[in-house]
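Residues per chain, in single letters:
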Amino acid sequence: MAYINDNFTKIQHRYLFADVAKRVAAYKEQNPDVEIIRLGIGDVTQPLVPAVIEAMHRAVDDCAKAETFHGYGPEQGYKFLIDKIIEHDYKLRGINFDSDEVFISDGAKSDLGNIGDILSVNNLVGVTDPVYPVYVDTNTMAGRQIRYIPCNEQNGFMGDIPNEKLDVMYLCFPNNPTGAVITREGLQRWVDYALSHNTLLMYDSAYEAYITDPEIPHSIYEIPGAKECAIEFRSFSKTAGFTGVRCGYTVIPKELKIKSSDGSFAALNPVWNRRQCTKFNGASYISQRGAEAVYSPEGQRQIKEVIKYYLDNAKIIRSSLQKFGFKTFGGENAPYIWVKTPGNEDSWSFFDRLLHHAQVVTTPGAGFGTSGEGYIRITAFGSHQNSEEAMRRIEKMG
Ligand code: PLP
């Protein structure tokens, strides 16, 4: 007899983007001639930069000849990419890693979900609220209990350090959906908490490339003690437009040890390596060559231009909404703008008004968790033209 994993029935049926799509489709059916501006879903819109395209073309050509063909690669990723990551993303910030501490993947989402394989189901897991739903749903699927740490205006959307002992805590900065960043001191408080409670921190820095303020940390390993308590997840998706190409990486320092059931401490790095070798056959050679090109001088210059393009959109959105009297957060070191609804209107009602009266699609904050009620998320991933036009329409709406 086969039994299903009942934990799947416990996942909140929060089909956020499906609900959004349904409302947009219904509106479009009744108003077929109206042009809708979509600033809801967090996918990029600008094409891959030339340095990446050229590198991937070369990689395809490699695969066309027997002498340079690449089949299965190392499960951990190719050294040519790992070396660039260590050099550029860490060494330049004064952080050292060996090549076997970085694991290349097909994107951060898979690793954020798969990491649960190497953790006990008895761990009590903390997430910030509002939250990127992957942390909640993957832990629910595994049967772990979850605690929500409210992130609000009072705590600068950074979340207060909990009074209780959490075994695992997910942090995401720059944050999706609030666009909040964490200061060095704020992050040090989380690391200190983790070290004193043996808490494992899962640090999702998928949006670190959007940080422009030199005081804001890009990596949790900039904080003393973090190598003993944190895993870091990174992605080329929003850094270099890889949402469709797929490539990311996860760092598990060798110093990082957590408790085994016999009470001894075990290093996570070799356990994750074992998991990857068993269940993953590596990210594609072509994606990894594309990701390598992100680190070339031209690649860096080109991706920075694209990031600036999105951050300019964020500025247009933020400053326009503020001019119209809205309270906004984020959008300075992040591609997301978190907007307080006027007069405490609920998220879905404000979402509907923007759709019906300005034909602008946003994301209702309530879809990201209880603390997201009373907010909407607007993304800066559209075009300049659409971002400006959306603001004109919202101004006209009054
Ligand atoms: N983490 C956060 C906070 C995200 O918003 C996203 C994507 O939207 C991801 C991770 C997943 O990134 P990837 O495309 O690398 O799977």
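Everything quoted here is computed from the prediction, not taken from an experiment.

A. Molecular detail of the pattern of salt bridges. Applying the stated rule across the entire model yields 21 salt bridges. One salt-bridge network, held together by shared partners, links Glu35, Glu389, Arg392 and Arg393.

B. Main features of the domain arrangement of the chain. Entries for the chain in the domain assignment read domain 1 (11-46 + 298-397) and domain 2 (51-296). Taking only C-alpha atoms, the centre of domain 1 and the centre of domain 2 are 26 Å apart. It is Ile11, Asn333 and Phe368 that lose the most area in domain 1 upon contact with domain 2, and together they represent 23% of the buried surface on that side. Counting every contact that joins domain 1 to domain 2 gives one salt bridge. Residue Lys327 pairs with Glu153 through a salt bridge whose shortest N-O separation is 2.7 Å. At the surface where domain 1 touches domain 2, the tally comes to 17 residue pairs in polar contact (both at pLDDT 80 or more). Only helix H10 (297-323), strand E11 (328-330), strand E12 (336-340) and strand E15 (375-379) provide two or more residues apiece to the side of domain 1 that touches domain 2. The biggest single contributor to the side of domain 1 that touches domain 2 is H10, with eight residues. Residue classes in the side of domain 1 that touches domain 2 are distributed as 14 nonpolar, eleven polar and six charged.

C. Quick peek at the site of the ligand. In the vicinity of the ligand lie 15 residues, with Ala108, Asp204, Tyr207, Ser235 and Ser237 positioned nearest. At a separation of 2.6 Å, a nitrogen atom of the ligand approaches a polar side-chain atom of Asp204. Here Ser235 contributes a side-chain N or O atom positioned 2.6 Å from an oxygen atom of the ligand. Within the complex, the protein chains bury 91% of what would otherwise be the 400 Å² of accessible surface of the ligand. One can see that the ligand is located within the largest pocket. Of the residues forming the shell around the ligand, the biggest block, three residues, is contributed by helix H4 (residues 108-114). Classifying every residue of the shell around the ligand by side-chain character gives seven nonpolar, four polar and four charged.

D. Structural detail: empty space enclosed by the protein. Taken as a whole and judged by the stated rule, the model has one cavity of 30 Å³ or more. Put simply, the largest cavity is a space of about 80 Å³. Lining the largest cavity are 14 residues; nearest its centre among them are Pro47, Thr239, Ala240, Gly241 and Val306. Within the residue set of the lining of the largest cavity, elements represented by two or more residues are helix H7 (237-240) and H10. Grouping the amino acids of the lining of the largest cavity by side-chain chemistry returns ten nonpolar, three polar and one charged. Lining the lining of the largest cavity are residues from two domains, each supplying at least three of them: domain 1 (11-46 + 298-397) and domain 2 (51-296).

E. Region of interest: the sheet that holds strand E5 (residues 168-172). Taking strand neighbours across the sheet as the criterion, the seven strands line up as E2-E8-E7-E6-E5-E3-E4 in an open arrangement whose pairing is mixed. Across the chains shown, the open sheet's two edge strands, defined by having one partner strand only, are strand E2 (102-105) and strand E4 (145-150). Strand-to-strand, the axes of this sheet are offset by a mean angle of 20°, without reference to chain direction. Contacts between helix H5 (residues 133-142) and the sheet are confined to strand E3 (124-129), E4, E5 and strand E6 (200-204), with E4 contributing the most and set at about 160° to the helix. Where helix H6 (residues 184-197) meets the sheet, its contacts fall on E5 and E6, and the angle it forms with E6 comes to roughly 150°.

F. Quick look at the layout of surface pockets. Its boundaries defined by the atoms lining it, the largest pocket holds a volume of some 780 Å³. Lining the largest pocket are 33 residues, with Lys109, Tyr132, Val134, Asn176 and Lys238 positioned closest to its centre. Elements with a contribution of two residues or more to the lining of the largest pocket: helix H1 (16-30), H4, H5 and H7. At five residues, H5 tops the list of elements feeding residues into the lining of the largest pocket. Its residues placed into classes, the lining of the largest pocket shows 16 nonpolar, nine polar and eight charged. Residues from two domains meet in the lining of the largest pocket; each of domain 1 (11-46 + 298-397) and domain 2 (51-296) gives at least three. In this structure, the second largest pocket encloses a volume near 400 Å³. Among the elements of the structure, helix H3 (79-90), strand E7 (230-235) and H10 are those that each provide at least two residues to the lining of the second largest pocket. Among the elements that take part in the lining of the second largest pocket, H10 stands out by supplying six residues, more than any other. In terms of residue class, the lining of the second largest pocket is made up of twelve nonpolar, seven polar and six charged.

What counts and what doesn't
- Residues numbered from 1 in each chain as written.
- Predicted model: local features only at pLDDT ≥ 70, side-chain atom pairs only at ≥ 80, totals over all residues.
- Heavy atoms only, no water.
- Salt bridge = Lys/Arg side-chain N within 4 Å of Asp/Glu carboxyl O.
- Domains from an automatic or database assignment.
- Buried area = accessible area lost by both parts, 1.4 Å probe.
- Polar contact = N/O pair within 3.5 Å; in protein donor to acceptor, adjacent residues only side chain to side chain.
- Helix = DSSP H or I, 4+ residues; strand = E, 2+ residues; numbered from the N terminus.
- Nonpolar A, V, L, I, M, F, W, Y, C, P; charged D, E, K, R; others polar.
- Near = heavy atom within 4 Å.
- Areas by Shrake-Rupley, 256 points an atom, 1.4 Å probe, with all protein chains shown as cover.
- 1 Å grid on protein atoms, 1.4 Å probe; cavity = no way out; pocket = protein on both sides within 12 Å on 5 of 7 lines; lining within 4 Å.
- Sits in = over half its atoms within 2 Å of the grid points.
- Points joined across faces, edges and corners; volume = space filled by probe spheres on them.
- Pairing = 2+ DSSP bridges.
- Axes fitted to C-alpha atoms, helices over the stretch in contact; angles between N-to-C directions.
- Contact = heavy atoms within 4.5 Å.

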